[in-house]
Amino acid sequence: MGRKEREKEQLIRTLNNHLNNIHETLQVLNQTAASSLEKVSWNDVIQMGEQVSKKATVVGMLWTGETPEAKAIEENMAEYFNMLQGFILLSHGSTVGAGPTLSLSIHASVKQVVDSSFKLMMESITLYAGSDNKDKEHLMPQYVGAVWEACSALKKTPATNITGIGRAMTQVAVSMKDVLREMKELKPSSSDQNNEASHDDSAKADSEHQEDDNSSLDELGNDLSSEEMKVAQLAIGIVSDMLVVIKELIRTITGLLKHENPDDGGKFVDTLERLLKLCQGIGVQIDELGASLYPPQELSVIKAGSVKILSMTDELQKEVESFNSSSEAFIQACNGLRSSLKQMDSEVDCFNTTDLEAKLQNVAISN
């Protein structure tokens, strides 16, 4: 075995030791309650991330010329992992007082820094002792850049529970907007459209009817009856009103930053987490509502979903009112949503009654 091969194996063993130390640190921290630590500002974590980013640059610069000596790589590796360990410890301290949502965001951001750092160091050793390292100057910047991006992304990570939960609520709203867009693409059947045409132009209407029938085979949701279109329009109103509710909810909780007190035993954060879960639950119901509008419409699912959305809206308002500073605009938005839900229930009941009468009439005629 040549000298470089022996040095490479030694570097691999050294890297594995560093990786094991990092993993052990992460395991210990996962089992240690952050509440027992002193709160660390997220700005401190960002600053440490900038130091990690600079150290990654130093790692990359080792490969700008001739292949570096094994000793230089090993020393550089030790310095890098010491800094990375300090970064991890600081980030854990920043989770003091953090609820599940904020903690998840922090852990995801930290994981990106750790993972990109591992890949950078592994690539450094892979390049060492290679027979042809012509591409080293092109490969290393790619891995250094990944560390830069991960460290830069720390600035976009929410620093408070309110910010983290607000962003999660925004994601729910984004999904609802997607459902709303799909709902607005629903169209009445060509037969209903043709019935509105002039009887004097029946031949032309029949031709258009045939063309629409052919195209409807390719376009799902273009054959709703007039009754089904009424239900779809009401559903569009419900989703639109729900988006207003979420917008006002985010605006309300954003104005409550001063209420985020680590000494309240987490009561305020628990309330925020419940609000988020309610929003996510409503989001699930909105998804099911959208899927139920395609013909043949599932009226029982639509009605059950409306009942659940109404119940969760009542819970939302109750939780917000517990802040003793609830927004009038939020309450008005909730009332508007309730009105739309009641209209939907009324329309579905009417639709069910009409459908039942039609079936009974068909039975009577057949007899």
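Predicted model only: the values in this text are computed from it and were never measured. (Residues numbered from 1 in each chain as written. Predicted model: local features only at pLDDT ≥ 70, side-chain atom pairs only at ≥ 80, totals over all residues. Heavy atoms only, no water.)

## Examining the overall build of the chain
The number of helices and strands found in the chain is 12 helices and 0 strands. The buried share of the chain, reckoned over its 367 residues, is 42%. The contacts of the chain with a sequence gap of at least 6 include a subset with a gap of at least 24, amounting to 85%. Just so you have it, the chain exposes about 20,000 Å², and 50% of that area is on carbon and sulfur atoms. (Helix = DSSP H or I, 4+ residues; strand = E, 2+ residues; numbered from the N terminus. Buried < 20%, exposed > 50% of the residue type's maximum accessible area, 1.4 Å probe, protein only. Contact = heavy atoms within 4.5 Å. Areas by Shrake-Rupley, 256 points an atom, 1.4 Å probe, with all protein chains shown as cover.)

## Details of the nonpolar core
Counting 54 residues, the largest nonpolar core has Met 169, Met 176, Ile 246, Leu 249, Leu 275 and Leu 316 as the members making the most contacts within it. Elements with a minimum of two residues in this core: α6 (161-184), α9 (226-254), α10 (267-292), α11 (299-321) and α12 (328-366). Sort the elements by how many residues they give to this core and α9 lands first, with 15 residues. Among residues more than four places away in sequence, those in contact with Leu 249 are Met 169, Leu 275, Cys 279, Leu 316, Val 320 and Phe 330. Val 40, Ile 46, Ala 70 and Val 114 belong to the second-largest nonpolar core, a separate cluster that totals 39 residues. (Core = buried A, V, L, I, M, F, W, Y, C linked by side-chain atoms within 4.5 Å.)

## Notes on the pattern of salt bridges
Should their charged atoms come close, side chains of opposite charge can pair. Summed over all chains, the structure comprises 7 salt bridges. Put simply, Arg 181 and Asp 178 hold a salt bridge, and the shortest N to O gap is 3.1 Å. One end of the pair, Arg 181, and the other, Asp 178, are both in helix α6, 3 residues apart, so they sit about a helical turn from each other. Arg 181 gets classed as partly exposed once you look at its relative accessible area, which sits at 45%. Given the relative accessible area of 32%, Asp 178 is considered partly exposed. Residues Arg 338 and Asp 314 are paired through a salt bridge, measuring 2.9 Å at the closest nitrogen-oxygen approach. Linking Arg 338 in helix α12 with Asp 314 in helix α11, this pair joins segments that are 24 residues apart in sequence. (Salt bridge = Lys/Arg side-chain N within 4 Å of Asp/Glu carboxyl O.)

## What to know about the confidence of the model for the chain
Mean pLDDT for the chain: 84, with 80% of residues reaching 70 or above. Looking over the chain, one finds the lowest element-wise mean pLDDT in helix α8 (residues 202-216), namely 46, and the highest in α6, namely 96. In the predicted structure, residues 196-200 sits below a pLDDT of 50 and forms 1 contact with residues beyond four places in sequence or in another chain. Scored below 50 in pLDDT, residues 356-360 makes 0 contacts in the model with residues more than four places away or belonging to other chains. (pLDDT = per-residue confidence, 0-100.)

## So, the packing of α9 against α11
Running from N to C, α9 and α11 cross one another at 20°; their axes reach a closest spacing of 12 Å. Relative to α11, the element α9 is oriented roughly parallel. Every pair of crossing elements has a handedness; the one defined by α9 and α11 is left-handed. Within the contact between the two elements, α9 uses Val 231, Met 242, Val 245, Leu 249 and Thr 252 and α11 uses Ile 302, Leu 316 and Val 320. By residue class, the composition of the contact of α9 with α11 is 7 nonpolar, 1 polar and no charged. (Axes fitted to C-alpha atoms, helices over the stretch in contact; angles between N-to-C directions. Parallel < 35°, antiparallel > 145°, perpendicular 65-115°, else oblique. Left-handed = near helix turned anticlockwise from the far one by under 90°. Nonpolar A, V, L, I, M, F, W, Y, C, P; charged D, E, K, R; others polar.)

## Overview of a negative patch on the surface
Together, Glu 182, Glu 185, Asp 287 and Glu 288 make up a region of like negative charge exposed at the surface. Looking at the secondary structure, you find Glu 288 in helix α10. (Patch = residues over 30% accessible without salt bridge, like charges linked within 9 Å, V, L, I, M, F, W, Y side chains within 5 Å. Lys, Arg positive; Asp, Glu negative; His and termini not counted. Charge placed at Lys NZ, Arg CZ, Asp CG, Glu CD.)

## Comments concerning the environment of Val 113
Tracing the sequence through the fold places Val 113 in helix α4 (residues 100-127). The spacing of Val 113 and Val 147 is 34 residues in sequence and 6.1 Å in space, taken between C-alpha atoms. Apart from residues no more than four positions distant in its own chain, Val 113 is found in contact with Val 52, Leu 84, Phe 87, Ala 150, Cys 151 and Leu 154.

## Observations concerning helix α1 (residues 3-30)
The end-to-end C-alpha distance of α1, which contains 28 residues, comes to 41 Å, matching closely the 40 Å that a straight helix rising 1.5 Å per residue would cover. Those residues of α1 that are buried are in contact with α3 (70-93) and α4. (Expected span 1.5 Å × (residues − 1).)

## Some points on the packing of aromatic side chains
Using the criterion set out here, one finds 3 aromatic pairs in the structure. For the ring pair Phe 268 and Phe 323, a centre distance of 5.5 Å and an interplane angle of 55° mean the geometry is tilted. A residue pair is termed long-range when its members are at least 10 positions apart, and Phe 268 in helix α10 and Phe 323 in the loop between α11 and α12 qualify at 55 residues. By relative accessible area, Phe 268 is classed as buried at 7%. Classification of Phe 323 as buried rests on a relative accessible area of 11%. Taken together, the ring pairs connect Tyr 80, Phe 81 and Phe 118 into an aromatic cluster. (Phe/Tyr/Trp six-rings, centres within 6.5 Å; stacked < 30°, edge-to-face > 60°.)

## Overview of the packing of α3 against α4
At a minimum axis distance of 11 Å, the contact between α3 and α4 shows a crossing angle of 175°. In terms of orientation, α3 lies roughly antiparallel with respect to α4. Where α3 abuts α4, its residues Ile 73, Met 77, Tyr 80, Phe 81, Leu 84, Phe 87, Ile 88 and Ser 91 lie against Ile 106, Val 110, Val 113, Val 114, Ser 117, Phe 118, Leu 120, Met 121, Ser 124 and Ile 125. In terms of residue class, the contact of α3 with α4 is made up of 15 nonpolar, 3 polar and no charged.

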